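Survey of secondary and tertiary structure
Chain residues, written in single-letter form:
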Amino acid sequence: MSAAPEPASFNPVAWLSDLAQIGGGYALMSGRKLAFLVDDCDGEVLTSVMSQIIGRPERQEAIKTAIERRQMGEAA
């Protein structure tokens, strides 16, 4: 049984902005691995933000693509 298609409501650019607003950071490492910098984030707020992508590989992939586009100077 395949997973349901991703609803159009998830916006990876907005998600990255939300992470930055709470004091987090991010990087796309070699091998397209996501790295999150969260030392300065409030735990409760961080949980709310991260819960949107945990166990959601399609959302994680969308975030990776958004970061790559940003790095190449493209509009995401």
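As a reminder, the structure under discussion sits directly above these lines.
Computed from a predicted model, the values in this text were never measured in an experiment. (Residues numbered from 1 in each chain as written. Predicted model: local features only at pLDDT ≥ 70, side-chain atom pairs only at ≥ 80, totals over all residues. Heavy atoms only, no water.)

Peptide bonds are trans in most cases, and residues, glycine excluded, mostly fall at negative phi. With a phi angle near 60°, Arg-32 is a residue other than glycine that sits in the positive phi range. By the element assignment, Arg-32 lies in the loop between β1 (25-29) and β2 (33-37). Arg-32 gets classed as partly exposed once you look at its relative accessible area, which sits at 28%. (Helix = DSSP H or I, 4+ residues; strand = E, 2+ residues; numbered from the N terminus. Buried < 20%, exposed > 50% of the residue type's maximum accessible area, 1.4 Å probe, protein only.)

This part is about the packing of aromatic side chains. One pass over the full model with this rule turns up one aromatic pair. Centre to centre, the rings of Trp-15 and Phe-36 are 5.6 Å apart; their planes meet at 70°, and the pair counts as edge-to-face. Highlighted residues: Trp-15 in helix α1 (residues 12-21) and Phe-36 in strand β2, separated in sequence by 21 residues. Exposure remark for Trp-15: the relative accessible area of 1% places this residue in the buried category. When its relative accessible area of 24% is taken as the criterion, Phe-36 is described as partly exposed. (Phe/Tyr/Trp six-rings, centres within 6.5 Å; stacked < 30°, edge-to-face > 60°.)

Residues Trp-15, Leu-16, Leu-19, Ile-22, Leu-46, Ile-53 and Ile-63 are the most contacted members of the largest nonpolar core, which totals 14 residues. What Leu-19 contacts, discounting residues up to four positions off in sequence, is Gly-24, Gly-25, Tyr-26, Phe-36, Leu-46 and Val-49. (Core = buried A, V, L, I, M, F, W, Y, C linked by side-chain atoms within 4.5 Å. Contact = heavy atoms within 4.5 Å.)

What follows covers helix α2 (residues 43-50). Listed as buried for α2 are Leu-46, Val-49 and Met-50. Along the axis of α2, the buried positions cluster into a sector of 90°, meaning they face one direction only. The outward face of α2, more than 90 degrees from its buried face, is lined by the exposed residues Glu-44 and Thr-47. Contacts from the buried residues of α2 go to α1 and β2. N-capping of α2 is provided by Asp-42, with a side-chain oxygen placed 3.2 Å from the backbone N of Glu-44. (Arc of directions from axis to C-beta. Polar contact = N/O pair within 3.5 Å; in protein donor to acceptor, adjacent residues only side chain to side chain.)

Remember that the coordinates give geometry; whether it matters functionally is a separate question.
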